[in-house]
Structures are given as C-alpha cells and as structure tokens.
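What the coordinates show
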Amino acid sequence: MRIALVTTARFSRLALELLRNIKTPTALHVFSMDPEVEAVAREVKAMFHKFNSIEELYTYKELESCDIGVIALDRDSDSIAVTRILGKMGVPLVFIVLNTRGNREPARGEGAGYVISLDEYVVGNILPVILMDSWVSMRIIDAFNLGVAVYRVWKRGVLGVKLGDFLDKLKGKPAMLMVYDKAGRIVMNGDHVLEQGDALILIAKYSELLEYISSIEKIFSKYEEYVARRYSEQFSTMPRTMG
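The shown structure was predicted, so the numbers you read here are calculated from the model rather than taken from an experiment. (Residues numbered from 1 in each chain as written. Predicted model: local features only at pLDDT ≥ 70, side-chain atom pairs only at ≥ 80, totals over all residues. Heavy atoms only, no water.)

1. Overview of the nonpolar core
Operational definition: We call a set of buried residues a nonpolar core when its members are Ala, Val, Leu, Ile, Met, Phe, Trp, Tyr or Cys and they connect through side-chain atoms within 4.5 Å of each other. Exposure is judged per residue with a 1.4 Å probe applied to protein chains only, and the accessible area is read against the type maximum: over 50% gives exposed, under 20% gives buried, and values in between give partly exposed. Where helices and strands are cited, they refer to DSSP runs of H or I of at least four residues and of E of at least two residues respectively, numbered from the N terminus. Residues count as neighbours in contact if any of their non-hydrogen atoms are within 4.5 Å of one another.
Judged by nonpolar contacts, the single largest core of 23 residues is most densely connected at Phe166, Leu177, Leu194, Leu200, Leu202, Ile216 and Phe220. Of all the secondary-structure elements, those providing two or more residues to this core are strand 8 (146-152), helix 6 (163-170), strand 9 (175-180), strand 11 (199-205) and helix 7 (209-237). It is helix 7 that contributes the most residues to this core, seven residues altogether. Non-local contacts of Leu177, meaning those with residues more than four positions away in its chain, are made with Leu163, Phe166, Leu167, Leu170, Met188, Leu200, Ile201, Leu202 and Ile216. Among the nonpolar cores identified, the runner-up in size contains 18 residues, and Val6, Phe31, Tyr60 and Ala81 belong to it.

2. Observations regarding the pattern of salt bridges
Heads up, the rule is: The salt bridge criterion pairs a side-chain nitrogen of Lys or Arg with a carboxyl oxygen of Asp or Glu, the two atoms within 4 Å.
All told, the structure shown has nine salt bridges when counted by the stated rule. As a salt-bridge pair, Arg156 and Glu217 come within 3.0 Å of each other at their nearest N and O atoms. Of this pair, Arg156 sits in the loop between strand 8 and helix 6 while Glu217 sits in helix 7; the two residues are 61 residues apart in sequence, bridging distant segments of the chain. Glu224 is the salt-bridge partner of Arg156, the closest N and O atoms lying 2.9 Å from each other. Here the residue Arg156 occupies a position in the loop between strand 8 and helix 6, and Glu224 occupies one in helix 7, the gap between them amounting to 68 residues. Linked through salt bridges whose partners overlap, the residues forming this network are Arg156, Glu217 and Glu224.

3. Concerning the confidence of the model for the chain
Stated formally: In predicted models, pLDDT denotes the confidence assigned by the predictor to each residue on a 0 to 100 scale.
Across the chain, pLDDT averages 82, with 81% of residues at or above 70. Between the elements of the chain, mean pLDDT differs from a low of 57, seen in helix 5 (residues 122-130), to a high of 94, seen in helix 6. Confidence drops under pLDDT 50 across residues 235-243; counting only partners more than four residues distant or on other chains, this segment forms zero contacts.

4. Focus on a nonpolar patch on the surface
Put simply, the test is: Patches in this entry comprise residues that are over 30% relatively accessible and not in a salt bridge; like charges within 9 Å are linked, as are nonpolar side chains (Val, Leu, Ile, Met, Phe, Trp, Tyr) within 5 Å. Areas reported as accessible are Shrake-Rupley estimates using a 1.4 Å probe. Residue values count occlusion only from the protein chains shown.
A cluster of nonpolar side chains, namely Met176, Ile186 and Met188, defines an oily patch on the protein surface of about 300 Å² accessible area. With respect to the helices and strands, Met188 occurs in the loop between strand 10 (186-187) and strand 11.

5. Quick notes on the side chain of Thr8
Locating Thr8 in the fold gives a position in the loop between strand 1 (2-7) and helix 1 (13-21). Look past the residues within four positions of Thr8 in its chain and what remains in contact with it is Ser32, Asp34, Val37, Ala72, Leu73 and Asp74.

6. Considerations on the packing of aromatic side chains
Here a ring pair, both rings aromatic, is described through the centre-centre distance and the interplanar angle of the planes. Which entries qualify depends on this criterion: Pairing of aromatic rings covers Phe, Tyr and Trp, the last counted by its six-membered ring, and requires centre-to-centre distances within 6.5 Å; plane angles under 30 degrees mean stacked, over 60 mean edge-to-face, and any other angle means tilted.
Applying the stated criterion to the full structure yields four aromatic pairs. An aromatic cluster is present here, built from Trp135, Tyr151, Phe166 and Phe220 joined pairwise through their rings.

7. A closer look at helix 3 (residues 76-88)
Stated precisely, the cut-off is as follows: By this rule, a helix spans an expected 1.5 Å times one less than how many residues it contains.
With 13 residues, helix 3 extends 19 Å from end C-alpha to end C-alpha; this agrees with the ideal 18 Å at 1.5 Å per step. Those residues of helix 3 that fall on the buried side of the exposure criterion are Asp76, Ser79, Ile80, Ala81, Val82, Thr83, Ile85 and Leu86. Against strand 1, strand 4 (68-72), strand 5 (93-98) and helix 4 (104-109) lie the buried residues of helix 3. Immediately beyond the C-terminal end of helix 3, within one or two residues, lies Gly90, with a positive phi of roughly 90°.

8. A word on the pairing of strand 3 (residues 47-50)
Rules: Pairing between two strands is assigned when DSSP locates at least 2 bridges connecting them. Here a crossover is taken to be right-handed if, once the strands point away from the viewer, the path from the first strand over the helix to the second is traced clockwise.
Strand direction decides the pairing type here: strand 2 (residues 27-32) and strand 3, joined by four bridges, are parallel. Across the sheet, Phe31 pairs through a bridge with His49, a residue of strand 3. With respect to chirality, the unit in which strand 2 leads through helix 2 (residues 37-43) into the neighbouring parallel strand 3 is right-handed.

If you want it as structure tokens, here you go:
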C-alpha cells in the first residue's frame, strides 16, 4: 500500500500517528512546502518531497502509483486544489482534512472520497478505512458503554466468507453487524460474500467487542484452514516434473 500525505508543519504529526498504527506494509510519501516537515518524515522512514507551488505536484510521478491520498493543509482552498490534482493523477482514494465544515461540499465536488473536519477525530476516521485485515475499535458513547469495531477486508476477501456466517454466530447477542461495501453501500444481507475493499462494522457494548471479534475471527480462521487444506490436496496430486 502506498500513501501520499500532502501536509504542512501544523499537521505533520499526523504522519507519525498514522505510521504507528498501520500494520500492513506501507510506503509513505510526504509532500510539503515546509522544510521542517522533513524531520517528521525521516522519523517515520517516509520519503519526503518538497514542493514550492500546488501545481508542482503534477511533476511527481510517485503520486501516480499511490493508493491513498491524505491532504491536510492550512488553507481549505489549497487542500481542495490538491484534491483535484490527486484525482487527475489517478489516486483512487482521497481523504481531505478541512478547517471549516462549510467547505465539505466543494471538497466532495472535486472527488474527495472522505471529508473530515477538524472538529472530528482525524486519525480515528482515517484508520478504519485504510487499515487492511486489522480491527480498529473505539468507544463512541461513554454514557452507554457503546463501541464500534471496524474491519477492512483485504487478503481475506478471497476466502468466499458470507456475512450470514457471522450473523448466525452473533444471533441472539446484543450486537449489530453490517458491511460497508466497496461501492459505499450499507449491506445487511446474509448472502453477501465479502470482497476486497469491504468493511465489517460491528456495534455493541464496548466492553463486549473483544468477545464478538473473537467469534468472527474463528470463522475467518475456519475458512483459511479450509482453503489451505484444499490447496495442499491439489499440490499433493500434481505430477512432479524432472528438473
């Protein structure tokens, strides 16, 4: 996974917090007009690229190979302009962090997939979307001990697991499970087969999330064992050739 972070000194610690939480192999490219951002990029072993104007971003071929763009600049007008550039460079998924909530619609109009205001928890909104095959849990309402856990499906999207397999396991439990599919739709149909890019969303008491996650992981493990056994049997019956 390749991430492009276009930011200023004001937001540069975002890079450090992202890298500390991402467990999948990641190449991070940090783009900034502020030379002091380079020190933070070096700290997280990211590649730093200094640019002098927004239009100069068009010259960086590295952007064409990035899977995700995260934009956090001091002026929303600059962030929206960079969103437009990343879209033209072919970056498929773009996050934009805005200083003013009122600029959300112009940002979406330029192709931003996720628009986050500063009054929202930035990293908490980004991580559940970009983390692959990892659970991210958070408490959302303290007074009711309510929590949500998000699982972004990647490698396990080839196993053929159905949402219904998990729903059967959680039947009768005080928990809600749904899929936010890669097309941006909420799916609760048990026949839905998980694909790469889908996200499992589990809502329950925060103190019970770990128990339900463990149940879901056991189902994933059974499918993985089945697939591994199937391929093992296939390989054992293949004729060997002389080298």
